[in-house]
Amino acid sequence: MNSLRRFFKEISQYPSAVIGMLLILGLVIFSIYTVITIPYEEAISLWRGDENVWYRTPKTAQPKWINWFRKDDVPETFWLNTAEGDGTKTEEFSNGTNKIFISLPFEYNSIYFPQEMSIYFTSQFAAKEPFVDIKMITPTGEEIRIGSFAVGRKHTYRFSQDQKLQRRLKGNSPEQGIFMNLTSETEQLRAVPGTYELQIEGVAFEENSTVDVEFVVYGDVYGWAGTDHRRRDISIALMWGAPVALAFGLLAALGTTVMTMIIAAVGTWYGGWVDEIIQRITEVNLILPFLSILIMIGTFYSRSLSVMLVAVVSLSIFGGAIKVFRANFLQIKESPYVEAARAYGASDRRIILNYLVPRIIPLLLPQLVILIPTNVFLEASLTIIGLGDPVLPTWGKLIREGIGNGALLQGQFYWVLQPAVILLITGLSFAMVGFSMDRIFNPKLRSV
Amino acid sequence: MPNDTLLRIEDLILHFKTRQGTVQAVDGIFFELGYEEAVVVLGESGCGKSSLAKAILRLLPRNVERYQGRIYLENTEIMALDDEEFRKNVRWVGISLVPQAAMNALNPVLKVGEQVAEPAIVHLGVSKAEAVGLVKKMFEHVGVPEDFINRYPFELSGGMRQRVAIAMSLVTSPNLIVLDEPTSALDVLTQASIFNVLKRLKKELGIGFILITHDIATSSELADTIAVMYAGQIVEVSDAYHFFEKPLHPYSQKLMASVPRLHSSTEPEFITGRPPSLIALPKGCRFKERCPFRFEKCDEDPPVFQKEGRQVRCWLYA
């Protein structure tokens, strides 16, 4: 405990280490928060998602913070749902008909037009479908008739697909025509900001029959991370990428270093044919093509994260580090205190664990910390080349899908850059801590 | 019981295989040691003293060519034990070792308290708390302050480290301790105080010592029996009193003459020539090349002769 405090005291003298540790702490808190707020099952189902989950989000919308850097804000995405208490809804039952009046006022603050608008109707009835009549009141008080039709239990009305409405709006597509000042000749290509009101009058023909509507305006920005080509919220992948990357990085690094160290220690201590076999395996393993084997496993066996983790660890155990550790162990093995330990009858296990291993820890810890981002990047790289876990949303997958869907060609930089920047920060934070630790544990490097 | 033999070594042989040839580091060692006795093994550098210590404790390197002989520890033939039995029943339980260069014999990443407790935990199976109690007792015996338990070896002076190493050899209360040049790197004052510690231990705890050294003067402090080693062989075994009075073997005589004396006009002598290489030993007596009394018989291997209750490997006493 004391030595831990001393370690923190010493490492706090390196500003880069402090920044690195704060970043790591932030990432860890972020990961814990993610796993608690979006449980694994939910994340998977959200990311597998279809129209039923993501019907209210726009396609490839930019993140909200884009507006901080713009003079004129682009429209945000929002929705109003009468079932959730938005707007006002009144019902009046008389003479066997139920008259429904719905008013949904909303502020429109952008001079740009929305991507699209839709109204989702849900109605309850026994035999006869309710009938609705839709109007839009503009800030100038003008009344635009949208349309009237009967609605089934589930009915979707898309403004953009209404040809009649387009004709009524002098040939302008509805999501534009509604918001522009049609009387003015000059300001035609800008939306008029102000308070709009969607009015829906409905007639139902049964006592308990009613209509609920959800009105969605698809803007150009959504959430703090934007959406992808399948309307999915990118923030889910950004958030879930953190625990996945950290877990993969940490487990792979820990598994590799600890196993390598133990194998090197055992080989060196027993020497002879044990050492011989370990060294030959290492040499063979060193010339095996790492990536090709992973691609093979991914193609023919499984691409799940745990399989990849096991493959990465088992391919790295007999890595170059074994030679480094062995060189150090050989030196320690010959030191008088190891012979003294042998003399007092310490067992082989005791000598390996109490005498050899502790001496190697100063060498091992910085390497371990630096190995974590290496494995984080490896996981991302594998995903980018198509060997990622098929179900998990990760940073690498965002980059892969972004590039695959032309994000960079269409200027949707947020899609690729956000995960890239988070990857960068992760790598940087561990590297900053690792290099500082190296300077503390191996002071000989300080002068170099 | 005090007159019983604690340790008897007969014809102990340890040869190493090297690229140049066979190194006959230990070649026919014999001596006896009673309870509460100290044997000093005297010899110059490279005569196989440390190999003898290793041979007794079976701490063998990889390149052993020949390892045989008989070692009786309290009437048990310990050479007949297998490695695991040897580790459990002999090392530290029967015989402890204070290794050469005790300064480096401590694990730098363990606190000395833990280090000294290790043998007790390994062999006696005591708990950590009990072991700490034992360590404190041992520290008291060897004169190390109790609070040194929590220090690391690098925080200790050479003399203190040597004491800690001795405390470590005591912790399982063995009957016999092998000390391999315990004072060679220390100044004379520290040497003296270490020897006082050893003397007290011998008296208070009744421990037998095998002290391996090249230092004749300090060894006389502790010795009951002197065994002189030359080129891997014991050339003379004698009780200390008679040995210092009149050494028998020519090598012993020369060795004694090389010690500088206070208030005396006699110049310290040195032995001409060099000790033979342990790889290419001469036929016959191994000391003949440097011996002033050489005669024809010396070309034959000398057996061990008994003379006045002392043993000497020299044709002069045939």
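Analysis parameters
- Residues numbered from 1 in each chain as written.
- Chains lettered and ligands numbered in written order.
- Predicted model: local features only at pLDDT ≥ 70, side-chain atom pairs only at ≥ 80, totals over all residues.
- Helix = DSSP H or I, 4+ residues; strand = E, 2+ residues; numbered from the N terminus.
- Rg over C-alpha atoms; globule rule 2.2 N^0.38 Å.
- Buried ≥ 20, exposed ≤ 12 C-beta atoms within 10 Å, placed from the backbone.
- Contact = placed C-beta atoms within 7 Å.
- Expected span 1.5 Å × (residues − 1).
- Arc of directions from axis to C-beta.
- Pairing = 2+ DSSP bridges.
- Axes fitted to C-alpha atoms, helices over the stretch in contact; angles between N-to-C directions.

A tally of regular secondary structure across chain B gives 9 helices and 12 strands. For 318 residues, the compact-globule estimate of 2.2 N^0.38 gives 20 Å, and the C-alpha radius of gyration of chain B, at 20 Å, lies within 12% of that figure. Taken over the C-alpha atoms alone, chain B extends approximately 65 × 50 × 45 Å along its principal axes. Per-residue burial over chain B gives 43% buried out of 318 residues. A separation of at least 24 residues holds for 66% of the contacts in chain B among residues at least 6 apart in sequence.

Let's shift gears to helix α11 (residues 321-333) of chain A. Residue and element names in this part refer to chain A. For α11, which comprises 13 residues, the first-to-last C-alpha distance of 18 Å matches the rise-based estimate of 18 Å (1.5 Å per residue) to within 8%. Buried residues of α11: Ala321, Ile322, Phe325, Arg326, Phe329 and Ile332, and no others. Projected down its long axis, α11 carries its buried residues within an arc of 125°, all on one side. Residues of α11 that are exposed and point more than 90 degrees away from the buried face comprise Ala327 and Gln331. Against the buried residues of α11 lie α7 (234-270), α8 (272-287), α12 (336-343) and α13 (348-387).

So, about the sheet that holds strand β10 (residues 233-239) of chain B. Residues and elements named next belong to chain B. If you trace the 8 strands from one edge of the open sheet to the other, you get β6-β7-β8-β3-β9-β10-β12-β11, paired in mixed fashion. Two strands lie at the open edges of the sheet, namely β6 (95-98) and β11 (305-307), each paired on one side alone. Between one strand axis and the next, the sheet turns through 20° on average, direction left out of account. Two elements, strand β9 (residues 225-230) and β10, share 6 bridges in a ladder whose sense is antiparallel. Bridge pairing in β10 links Ile226 to Ser238. Seen against the sheet, helix α1 (residues 49-57) touches β3 (38-42), β6, β7 (176-180), β8 (208-213) and β9 and runs at an angle of roughly 150° to β7.

Residues and elements named next belong to chain B. Position of Cys285 relative to the elements: it lies in the loop between α9 (250-257) and β11. With 24 C-beta atoms packed within 10 Å, Cys285 lands in the buried category. Between the C-alpha atom of Cys285 and that of Arg261, which follows or precedes it by 24 residues, the distance is 30 Å. Those residues in contact with Cys285, other than ones at most four positions away along the chain, are Cys298 and Pro302.

All names here are of chain B. Spatially, 4 strands are ordered β2-β1-β4-β5 in an open sheet, and the strand pairing comes out antiparallel. Pairing within the sheet leaves two strands with one partner each, and these edge strands are β2 (22-34) and β5 (76-77). Note that strand β4 (residues 64-73) and β5 share 2 bridges and pair antiparallel. Note that in β5 the partner of Leu73 across the bridge is Thr76. Relative to β2, α1 is tilted by about 70°, and along the sheet it contacts β1 (5-17), β2 and β4.

Shape is all these values report; function is a separate question.
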